[in-house]
Amino acid sequence: NAGVTQTPKFQVLKTGQSMTLQCAQDMNHNSMYWYRQDPGMGLRLIYYSASEGTTDKGEVPNGYNVSRLNKREFSLRLESAAPSQTSVYFCASSEGGLAGGGQVAKNIQYFGAGTRLSVL
Amino acid sequence: QKEVEQNSGPLSVPEGAIASLNCTYSDRGSQSFFWYRQYSGKSPELIMFIYSNGDKEDGRFTAQLNKASQYVSLLIRDSQPSDSATYLCAPRGPAGKSTFGDGTTLTVKP
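Anyway, here's the lowdown on the structure attached to this text. The shown structure was predicted, so the numbers you read here are calculated from the model rather than taken from an experiment.

### Examining the interface of chain B and chain A
- Facing 21 residues of chain B, the contacting portion of chain A comprises 25 residues.
- Taking both partners together, chain B and chain A bury about 1800 Å²; carbon and sulfur atoms supply 58% of that area.
- Together, Arg92, Lys97 and Phe100 of chain B form the three largest contributors to the area buried by chain B at its contact with chain A, with a combined 27%.
- Summed over the shared surface of chain B and chain A, the number is 0 salt bridges.
- The interface formed by chain B and chain A includes 6 residue pairs in polar contact (both at pLDDT 80 or more).
- Contributions of two or more residues to the side of chain B that touches chain A are made by strand E4 (32-38), strand E5 (45-50) and strand E9 (85-92) of chain B.

### Remarks on the sheet that holds strand E7 (residues 64-68) of chain A
All names here are of chain A.
- Taken in spatial order, the 4 strands make up an open sheet running E1-E3-E8-E7, and their pairing is antiparallel. Looking at which strands have only one partner, the edges of the open sheet turn out to be strand E1 (4-7) and E7. Neighbour-to-neighbour, the strand axes of this sheet turn through a mean angle of 15°, independent of strand direction.
- In this structure, E1 lies alongside strand E3 (residues 19-25), joined through 4 bridges in antiparallel fashion. In the sheet register, Gln6 faces E3, and the bridge partner there is Cys23.

### Comments concerning the sheet that holds strand E7 (residues 61-66) of chain B
All names here are of chain B.
- Ordered in space as E1-E3-E8-E7-E6, the 5 strands form an open sheet in which the pairing is antiparallel. A strand with exactly one partner marks an edge of an open sheet, and here the two such strands are strand E1 (4-6) and strand E6 (54-58). In this sheet, adjacent strand axes meet at a mean angle of 15° when their direction is disregarded.
- Pairing geometry for E1 and strand E3 (residues 19-25), over 3 bridges, is antiparallel. Residue Gln6 lies in a different strand from E3, and its bridge partner there is Cys23.

About the criteria used
- Residues numbered from 1 in each chain as written.
- Chains lettered and ligands numbered in written order.
- Predicted model: local features only at pLDDT ≥ 70, side-chain atom pairs only at ≥ 80, totals over all residues.
- Heavy atoms only, no water.
- Contact = heavy atoms within 4.5 Å.
- Buried area = accessible area lost by both parts, 1.4 Å probe.
- Salt bridge = Lys/Arg side-chain N within 4 Å of Asp/Glu carboxyl O.
- Polar contact = N/O pair within 3.5 Å; in protein donor to acceptor, adjacent residues only side chain to side chain.
- Helix = DSSP H or I, 4+ residues; strand = E, 2+ residues; numbered from the N terminus.
- Pairing = 2+ DSSP bridges.
- Axes fitted to C-alpha atoms, helices over the stretch in contact; angles between N-to-C directions.

Okay, here's the thing in structure tokens:
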């Protein structure tokens, strides 16, 4: 059981180049998320997908696009990379569903190992 | 005001002591609260969640929630060097998203 798999693990881009970060989960989860984490800071939500076929903007969506390809896969695309997008990117998934009471465990997020991206 | 505020670190405690990590949140609609631990260079992993006011204990960890004060804390008893990590507080709002705090870095000194 691999959990959440992200590729690539490391990437160096030049300003203006484009690339797609891939994420796949094998836990049959409904919800998937993309975060970025800058040094000494917490996770900031870029985009999320509450269920297959839906995507919504998070806190910092500018400069990014996403695709929920199917229930397993959620990709993040940088169309024209900028140095400000140098960061560690984490994909996460959760079962999703009701938020309260005994259903809270469905909201636990499971994270991939991360992609370390440098834009020069 | 940030949506999630955690006590500024780094926090350093001696081995065997109690480490206290605090978090306040601004969204009164938040219904459940998660604490994640992140070792340096690694991805976050869940250690506790709580959704009812009061205390929830799991081994050496105790989460405390006070919705009226919009405050959630994590106590680590008998701290061990292996507890040295960054701890992230993540309230989950009614829309289904979690907002993460910047984290508190804990160092447990042998």
